[in-house]
Amino acid sequence: MAISDISENALKVLEKRYQGKDEDGNVVESVEQMFRRVSDTIARVDANFDNTADTGKVSDEFFELMTSLRFMPNSPTLMNAGRTLGQLSACFVLPVGDSMEEIFDSVKNAALIHKSGGGTGFSFSRLRQSGASVKSTGGVASGPVSFMKVFNAATEAVKQGGTRRGANMGILRVDHPDILEFIDCKANNSDITNFNISIGITEKFMQAVEEQTDYDLIDPKSGTAVGHLSAVKVFELIVDHAWKNGEPGIIFLDRLNRDNVVPSQGEIESTNPCGEQPLLPYESCNLGSVNLTKMLRRTLTGYEFDFRLLEQTVNEAVHFLDNVIEANNYPLDIIAETTRATRKIGLGVMGWADALLMLEIPYNSEEAIRLADKVMGFINNTGHAASARLAEKRGSFPLFSVSTLREGPAMRNATVTTIAPTGTISMIAGCSSGVEPVFAYAFVRNIMDGTEMVEVNPILMHKLETLGLDKDRALLKRIAREGTIAHIEEIPQEVRDVFVCAHDIRPVDHIRMQAAFQNHTDNAVSKTVNFPKEATRGDVREAYLLAYEEGCKGVTIYRDGSREEQVLNIGEVN
Ligand code: CDP
């Protein structure tokens, strides 16, 4: 079976990080063998439920699903399925209890997860504040931020199975007494570099911001108020830090818990590293994304969504992701138990911006928002129906009868949809990442080990060809330098209106798009709201408030140039 359309860049990524290698680092697996290793391993699970299942046929289906680039599972599945490690999930959340034993257990568990290619999220909110007394030693506690540094150092020391460095999310509730220190803990770009940090915002806090009143700081041990702060001042401080270098982000804790389908199992305190997957302590989740550029069919005048193909793809993807839960080799027994009790999966999308380009719809238009609503609504409904059909054959997730879903049809999976960043799998699929707009139409991409790749957006190239501008080297160089085509007069205005990049799009339009997808997503949406360098703190504040009003579960912002090392740089074509 041929592997269609796979780009040279994709082949480089696959060779470097995914295809099997021998002890000397020689690649011993072809791209085809790699996808076959994954499809065989995941398809074999069918035999656990039906001893007459034709797993060869299912493997062919999964193989075609991936090699047609219609769908890609998260990186750990591609890397580890059918191999000794066998750890297939990208997302984990670990608890951090308020004792030395519990803290260092968590450090150890995180190291095991990182080694296997997963990312970990933690809430540090249960740790007593710095300066609080420690009974056994008569000393004083050093507080959440100092312990985060231990987690950070451990992460630094463990490279993830030689493939990727560990990623962490650190969350602190806004009412923790150490909140001011936490907000400031990444002010220096070289500190705590293996963490993204987010403030866990409560409804109570947002109300206090609105009413411009103080709010209580709560001692995590006793649950009593031990101080208070001006909500507006704290909010402004968060905004100020985010404006300076993009951190901290915010997550709306009460919203995560409103959508916690098994509240009997405890509270959701944290998400995975990139924020798209809220999980219970010790829960993990495997993700996968549909490539929307492959869900279009040609018409006489252009393209349109092929909803039948999308339906087929979602059905196959849900089947695939549910099998991953079975095939997965979990790093700890308790993670295996917790994950199998809810069987969460996170099906999302990638290539959204590219699909809009093909459809000639500007990302920052009402039409794009309406289409997002329709497409993600369709995926969410189809995905839930697929999970319900699996429940009929395989049984519902074990906690279904105590879940908030128990009145509805039985479900195989407590959650079905999540929108991931798709940082690497979108490179493999050769499409724009997640639901992000195109960052720049030509840029230099820094891969983690320092190598650089130059890329020109192929859809723009195609358009330039039809305009007879594709051989204009000076023009291409200018696009690479500027990232945007907004100011290039040789290109007709109606084309410039469609080919907008992240910086041409106002923050409010970024947030509206995030909200449109969030509306139809069980878990959360990974999205960065890009600001131009000259944006003000007021602009950032406005974006945060809008995200709150629009029903987002969190926000991450980034102001251009505010961190020295960016993963994506607008740069020159060589
Ligand atoms: O594209 P890929 O499957 O490699 O991953 P992604 O969609 O960019 O990220 C999904 C999740 O994988 C993140 O939210 C993290 O939980 C995890 N991840 C990680 O642990 N380490 C990384 N270097 C990148 C992602």
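Heads up: the structure comes first, above all this text.
Now for a look at the structure at hand. Note that the coordinates shown come from a computational prediction; the quantities given were computed from them, not determined experimentally.

**Notes on the overall build of the protein chain**
Phase 1 of the analysis: The number of helices and strands found in the protein chain is 21 helices and 21 strands.
Phase 2 of the analysis: In terms of overall size, the protein chain behaves like a compact globule, its C-alpha atoms giving a radius of gyration of 23 Å where 574 residues would be expected to give roughly 25 Å.
Phase 3 of the analysis: For the protein chain, the C-alpha atoms occupy an extent of roughly 75 × 65 × 55 Å along the three principal directions.
Phase 4 of the analysis: Taking the contacts inside the protein chain whose residues are at least 6 apart along the sequence as the reference set, 72% of them involve residues at least 24 apart.

**Some remarks on the packing of aromatic side chains**
Phase 1 of the analysis: Tallying each qualifying case throughout the model produces 15 aromatic pairs.
Phase 2 of the analysis: With a centroid separation of 4.9 Å and an interplanar angle of 85°, the aromatic rings of F205 and Y215 are classed as edge-to-face. In this pair, F205 sits in helix α9 (residues 203-211) while Y215 sits in strand β8 (residues 214-218), placing the two residues 10 residues apart along the sequence. Accessibility assignment for this pair places F205 and Y215 in one class, buried.
Phase 3 of the analysis: Measuring from ring centre to ring centre gives 5.0 Å for F307 and F378, while their planes differ by 70°; the resulting arrangement is edge-to-face. Placement of F307 in helix α12 (residues 307-327) and of F378 in helix α15 (residues 366-394) is noted, with a sequence separation of 71 residues between them.
Phase 4 of the analysis: Grouping aromatic residues by their ring pairs yields a cluster made of F122, F124, F151 and F195.
Phase 5 of the analysis: Note that R36 overlies the ring of F63, its terminal NZ or CZ placed 4.3 Å from the centroid.
Phase 6 of the analysis: Sitting above the plane of the W243 ring, R537 keeps its charged end 3.9 Å from the centroid.

**A look at the environment of F307**
Phase 1 of the analysis: Relative accessible area serves as the criterion here: at 21%, F307 is assigned to the partly exposed category.
Phase 2 of the analysis: Through-space distance from the C-alpha of F307 to that of R297 is 9.6 Å; in sequence the pair is 10 residues apart.
Phase 3 of the analysis: Look past the residues within four positions of F307 in its chain and what remains in contact with it is K374, V375 and F378.

**A closer look at helix α17 (residues 458-466)**
In an α-helix, one turn spans 3.6 residues; hence positions three or four apart end up facing the same way.
Phase 1 of the analysis: For α17, the full list of buried residues reads I459, L460, K463 and L464. Buried residues in α17, looked at end-on, bunch into an arc of 140°, giving them a common side.
Phase 2 of the analysis: Looking at the packing, one finds that the buried side of α17 touches α14 (352-359), α18 (473-482) and α19 (493-498).
Phase 3 of the analysis: Measuring from the side-chain oxygen of the N-cap residue of α17 to the backbone nitrogen of I459 gives 2.8 Å; that N-cap residue is N457.
Phase 4 of the analysis: Looking one or two residues past α17, G468 carries a phi angle of roughly 70°, positive in sign.

**Overview of the site of the ligand**
Phase 1 of the analysis: Every one of the 20 residues lining the ligand counts as a neighbour, but S75, N272, T422, G423 and T424 are closest to it.
Phase 2 of the analysis: Taking S75, its side chain carries an N or O atom lying 2.4 Å from an oxygen atom of the ligand.
Phase 3 of the analysis: Within the backbone of C274, a nitrogen or oxygen atom sits 3.3 Å from an oxygen atom of the ligand.
Phase 4 of the analysis: Contact with the protein chains covers 93% of the free accessible surface of the ligand, which is 520 Å².
Phase 5 of the analysis: A class-by-class count of the residues in the shell around the ligand yields eight nonpolar, nine polar and three charged.

**Here we look at unusual backbone geometry**
Phase 1 of the analysis: Cis geometry marks the peptide bond from E247 to P248; its omega dihedral reads 5°.
Phase 2 of the analysis: The topology assignment puts P248 in the loop between α10 (231-245) and β10 (249-252).
Phase 3 of the analysis: The phi dihedral of L69 falls on the positive side, at around 65°, and the residue is not glycine.
Phase 4 of the analysis: Mapped onto the elements of the fold, L69 is located in the loop between α4 (55-67) and β1 (71-73).
Phase 5 of the analysis: When its relative accessible area of 1% is taken as the criterion, L69 is described as buried.
Phase 6 of the analysis: One non-glycine residue, Y282, lies in positive phi territory at about 70°.
Phase 7 of the analysis: Checked against the element boundaries, Y282 lands in the loop between β12 (278-279) and β13 (284-291).
Phase 8 of the analysis: Residue class for Y282 comes out partly exposed when judged on its relative accessible area of 23%.

**Remarks on a negative patch on the surface**
Phase 1 of the analysis: A contiguous patch of negative charge, built from E210, E211, E549 and E550, is present on the exposed surface.
Phase 2 of the analysis: Within the secondary structure layout, E211 lies in helix α9.

**Details of the packing of helix α2 (residues 31-43) against α4**
Phase 1 of the analysis: Contact geometry of α2 with α4 gives a least axis separation of 8 Å together with a crossing angle of 130°. Considering their axes alone, α2 and α4 lie oblique with respect to each other. Between α2 and α4 the crossing geometry is right-handed. Residues E32, F35, R36, V38, S39, D40, I42 and A43 of α2 lie in contact with α4, whose contacting residues are T55, V58, S59, D60, F62, F63, M66 and T67.

Criteria and thresholds
- Residues numbered from 1 in each chain as written.
- Predicted model: local features only at pLDDT ≥ 70, side-chain atom pairs only at ≥ 80, totals over all residues.
- Heavy atoms only, no water.
- Helix = DSSP H or I, 4+ residues; strand = E, 2+ residues; numbered from the N terminus.
- Rg over C-alpha atoms; globule rule 2.2 N^0.38 Å.
- Contact = heavy atoms within 4.5 Å.
- Phe/Tyr/Trp six-rings, centres within 6.5 Å; stacked < 30°, edge-to-face > 60°.
- Buried < 20%, exposed > 50% of the residue type's maximum accessible area, 1.4 Å probe, protein only.
- Lys NZ or Arg CZ within 6 Å of the ring centre and 35° of its normal.
- Arc of directions from axis to C-beta.
- Polar contact = N/O pair within 3.5 Å; in protein donor to acceptor, adjacent residues only side chain to side chain.
- Near = heavy atom within 4 Å.
- Areas by Shrake-Rupley, 256 points an atom, 1.4 Å probe, with all protein chains shown as cover.
- Nonpolar A, V, L, I, M, F, W, Y, C, P; charged D, E, K, R; others polar.
- Patch = residues over 30% accessible without salt bridge, like charges linked within 9 Å, V, L, I, M, F, W, Y side chains within 5 Å.
- Salt bridge = Lys/Arg side-chain N within 4 Å of Asp/Glu carboxyl O.
- Lys, Arg positive; Asp, Glu negative; His and termini not counted.
- Charge placed at Lys NZ, Arg CZ, Asp CG, Glu CD.
- Axes fitted to C-alpha atoms, helices over the stretch in contact; angles between N-to-C directions.
- Parallel < 35°, antiparallel > 145°, perpendicular 65-115°, else oblique.
- Left-handed = near helix turned anticlockwise from the far one by under 90°.

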